[in-house]
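Read off the chains here:
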Amino acid sequence: MTDKVAKTFAELVELNFQLYNSLFLTLPLDAVEQTGTLLPLLSEACAAGLQHGQNPAEIIDDFFEVHKPAFTEDERIQFLFKVIQYVERQVVLIDALEDAAYSRIHRIEGKASLVQLMDRARDNDLDEKLSGILENFGVRVVLTAHPTQFYPGQVLAIISDLTEAISSNQIGTARDLLQQLGNTPFFQKQKPSPYDEAVLLTWYLGNIFYPSIGDIVDQLAEQFPQQVLGNQELITVGFWPGGDRDGNPFVTTDTTMKVAAKLRYTVLGCYHQNIRALKRRLSFRGTYDRLVALEQQLHEELSEAKVEHPLNLDAFLAEIDAIEQVLVAEHQGLYRDLLQSFRRKVQLFGFHFASIDIRQDSRVISAALDAVMAQRRDLLPPHIFELNWQQQIDCLISCKGHVDIESFSDPVIRDTLGSFAIMRKIQMLNGERATHRYIISNCRGASDIAKVFALFRLCGWADVSLTVDIVPLFETVDDLQRAGASMTHIYTNRHYKAHLERRRKRQTVMLGFSDGTKDGGYLMANWAIYRAKEDLTAISRQSGVEVIFFDGRGGPPARGGGDTYLFYAAMGRKIESNQIQMTVQGQTISTFYGIKEAAVHNMSQLLMAGLENNLYDRAERELDDEQRALMEELAQSSYRTYEAFKKHALFLPYLEEMSTLNYYAMTNIGSRPAKRGTTRKLKFEDLRAIPFVGAWSQLKQNVPGFYGVGSALKDQEDKGNFDACIRLYQRSRFFRALIANSMQSMSKTNFALTRYMQDDPRFGVFWNILHDEYELSRAMVLKISGQQQLLEDNPRSRMSIQLRERVVLPLLTVQQYALMRIQQQRQSEGHPLLEQYEKMVMRSLFGNINASRNSA
């Protein structure tokens, strides 16, 4: 099987890359510098130079001496900028080639398909059980606005057209599109606003998610029509742009309202197109005229003229049902399947399309409550936080009153209070599902949940039932370990218990993989989250509550990414899995959901993992006492290694001075600041996970994805316990998933690129510490897995990574060269070219991020 996949990838991607890349490099994009002609030579020079121990500056200088000896330094700089532009576009070509071959290189019709699952269920007499599961099961993919998306809208459109041209073998069209790509800018001169980010993501909603989710539910409805129709949560989309105000002062209540309106407009546009298509088939008496009437109503709203009576979802669905009755009674049910498919989409997407999550940091929420208490001393006891935790929670949750939001002068306080009120307004316009979750970042316990509940009551919800789920986000290792106790405290409060009764006895808890890994290292973070899920499941079940886990995942394994199917398919019976919910962001969105085939495949994989977990006995996935003890020992050992590394005196200076960490804020790819806090001095707790993980990725060191793994396994080997580790790997899906995803991180490392740092008088010893742990981790994961090379059992991923790393090597070499020149410039008088080299570093970030597809 692996040989067949490797052969398919080689034929459809690698060979085609050689063909189309040769076309691209000969295009007349810059006749003066001749970059296209010289780039292959530079690529060879980089590979050979690093292999022979040269540093990036020596490689670049030698290249110019041989090929462009007359170039001035300014001309060299301009040439290197051209190299960056060419490599960026080569990466786009790889993206398009992989997208064009997606169905074949991913083998999407194999055993892990929904059709196969339904067939197996039927063969095993589990149809009825699967039917019951589908009534309540759900997958939610939440699109975030975190700044890792480097393709502007016009480039995304070219990728889409290029993919189609390659799929159709239209070489002439592909050549023209490659030339268009060469002349289209990738860099945004201004930061996007939160609304701009929302608009970009609505392209994916309308063009990808709407038809893809429709296809998936149609497939399930063929066998389980009533269950699919009755489940509004089967596959849904969440949305953070315009709602996530954690550390982003540019998100305001006005932004949130604008985004809600844009989402409504987008989904109504999809319905309008759908009805126009239906009219071509339902051209009968009693159906056509009614479709025309619905089309007209949609047109009136889409025209943005003031509509006296906006569309009502219940009435809209009722009219579709009435049309179906006429179709069955008078026209033999012809094309009924098309109408039912449309109705299922309306049922899932409503008039909101995607559900806006509101998110704010617990410290900001506390400050908002303090401001309210200072202004209105009659609302809560003055010394409330000196009471015991039970009394605090009771006072907060039973609090009632009204606060004049506009009377507060501080814009952050005013927006925080306004965010509670705006949710009610959006629900009234677009329905309850339009925004029904308030997420508390850095949640430290039950008191933070109670504070949010109190602020809802004080900011517009005093006189109505609270139709919002309050979602604590536990992120640090300590908070994850205390999560069970925190929820026990809140579950015992009678007022909160009554609130959960009205929310179908369900409590959503978000768990942060990104900050968890940053805080505790790869193994400990994943194990702490696994344990937290078990604890929360047990405590919730004891309290008669169904807990829903919402995973805050980034792109790479270091932030909870990697192969998510492997992860969710590894959950045992002690972990609730009636819902699978996770964030996706940045270039991970375009990677996993950039084309319809990929979106259908990846959402189906999530469905598969969850349905299998509930359909089959998961006893074999449970860790026994011996395995659990070993997993705990590995996590603790890894944690000690990572903690020592994190506390090294050179940890932050190395990132600040030797990496691209400080250049993320210059890229203009996201509206959110690159770090929390306003102090100039960098603090570890203020570091956002994206630039933190991204900086290691740009160095090709990928430390957060493996650091501590090798030491933990070697420790067990030294104790004579390595055979137990091998058995754990062979028997535990969870542990295999961790090792496989860590392999993915290590496959994208290249310490040869920064080997010159080992001679640095200040950072040489620190670099060696990193390198030694990488070599140890690589050796130990190969040993435990029995593989000869990383990702040996996953040729598609391995070959894709190898191709991308090969193509991006000149760009990475240029980046390191620029960083070295920056250090030289800062030591010289006047440093006239410093700004140019800093710009070069910033521009080089784009191609590497996109090449890795999930690097931040």
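Cut-off values and rules
- Residues numbered from 1 in each chain as written.
- Predicted model: local features only at pLDDT ≥ 70, side-chain atom pairs only at ≥ 80, totals over all residues.
- Heavy atoms only, no water.
- Helix = DSSP H or I, 4+ residues; strand = E, 2+ residues; numbered from the N terminus.
- Buried < 20%, exposed > 50% of the residue type's maximum accessible area, 1.4 Å probe, protein only.
- Contact = heavy atoms within 4.5 Å.
- Areas by Shrake-Rupley, 256 points an atom, 1.4 Å probe, with all protein chains shown as cover.
- Lys, Arg positive; Asp, Glu negative; His and termini not counted.
- Charge placed at Lys NZ, Arg CZ, Asp CG, Glu CD.
- Pairing = 2+ DSSP bridges.
- Core = buried A, V, L, I, M, F, W, Y, C linked by side-chain atoms within 4.5 Å.
- Salt bridge = Lys/Arg side-chain N within 4 Å of Asp/Glu carboxyl O.
- Patch = residues over 30% accessible without salt bridge, like charges linked within 9 Å, V, L, I, M, F, W, Y side chains within 5 Å.
- Polar contact = N/O pair within 3.5 Å; in protein donor to acceptor, adjacent residues only side chain to side chain.
- Axes fitted to C-alpha atoms, helices over the stretch in contact; angles between N-to-C directions.

Caption draft 1: Main features of the overall build of the protein. Along the protein, the regular secondary structure elements total 35 helices and eight strands. With respect to the principal axes defined by its C-alpha atoms, the protein has extents near 80 × 70 × 60 Å. Relative to its full complement of 856 residues, the protein shows a buried share of 61%. A sequence separation of at least 24 residues applies to 81% of the contacts in the protein between residues at least 6 apart. Roughly 33200 Å² of accessible area belongs to the protein as shown, and the carbon and sulfur atoms make up 48% of that amount. Separation of charge centres in the protein, based on 95 positive and 104 negative side chains, amounts to 2 Å.

Caption draft 2: Structural detail: the pairing of strand β8 (residues 579-584). With respect to burial, β8 is a largely interior element, six of its six residues being buried. In β8, alternate side chains face the same way, and those of Gln 579, Gln 581 and Thr 583 on one face and Ile 580, Met 582 and Val 584 on the other are all buried. Where strand β7 (residues 546-552) lies against β8, two bridges are found, and the strand directions are parallel. Across the sheet, residue Asp 551 finds its bridge partner in β8, namely Met 582.

Caption draft 3: Local environment of the side chain of Ser 637. In this fold, Ser 637 is placed in helix α27 (residues 625-646). For Ser 637, a relative accessible area of 6% gives the class buried. When sequence neighbours within four positions are dropped, the list of residues in contact with Ser 637 reads Ser 711, Ala 712 and Asp 715.

Caption draft 4: Structural detail: the nonpolar core. Judged by nonpolar contacts, the single largest core of 273 residues is most densely connected at Tyr 271, Phe 316 and Trp 696. For Phe 316, the residues in contact, after removing those within four places along its chain, are Tyr 271, Ile 275, Leu 294, Leu 298, Leu 311, Phe 342, Val 346 and Phe 351. In this structure, Val 142, Trp 240, Ile 439 and Phe 550 belong to the second largest nonpolar core, which totals seven residues.

Caption draft 5: Quick peek at the pattern of salt bridges. Counted under the stated rule, the structure contains 47 salt bridges. Between Arg 245 and Asp 415 there is a salt bridge, with the nearest N and O atoms lying 2.8 Å from each other. Taken together, the positions of Arg 245 in the loop between β2 (235-239) and α12 (253-279) and Asp 415 in helix α18 (residues 411-430) put the pair 170 residues apart, joining distant regions of the chain. Owing to a relative accessible area of 11%, Asp 415 belongs among the buried residues under this scheme. Each of Lys 714, Glu 717, Asp 718 and Lys 783 takes part in salt bridges that share partners, so that together they form one network.

Caption draft 6: A nonpolar patch on the surface, seen in detail. Together, Leu 334, Tyr 335 and Leu 338 make up a nonpolar patch on the protein surface, roughly 240 Å² of accessible area in all. Residue class for Leu 334 comes out partly exposed when judged on its relative accessible area of 41%.

Caption draft 7: The arrangement of the side chain of Thr 184 in detail. Its location among the elements puts Thr 184 in the loop between α9 (171-182) and α10 (194-221). Here Gln 180 takes part through its backbone oxygen, which lies 2.6 Å from a polar atom of the side chain of Thr 184. Discounting residues that sit within four places of it in the chain, Thr 184 has contacts with Arg 89, Gln 154, Val 155 and Ile 158.

Caption draft 8: Looking closely at the sheet that holds strand β5 (residues 469-474). One closed barrel holds the eight strands; their spatial order is β1-β2-β3-β4-β5-β6-β7-β8, and the pairing between them is parallel. Direction aside, neighbouring strands of the sheet carry axes that sit 25° apart on average. Note that strand β1 (residues 138-143) and β8 share six bridges and pair parallel. From the neighbouring strand, Val 141 faces β8, where its bridge partner is Met 582. Each of β5 and β6 (506-512) is contacted by helix α20 (residues 477-491), which is oriented at about 155° to β5, the strand it contacts most.

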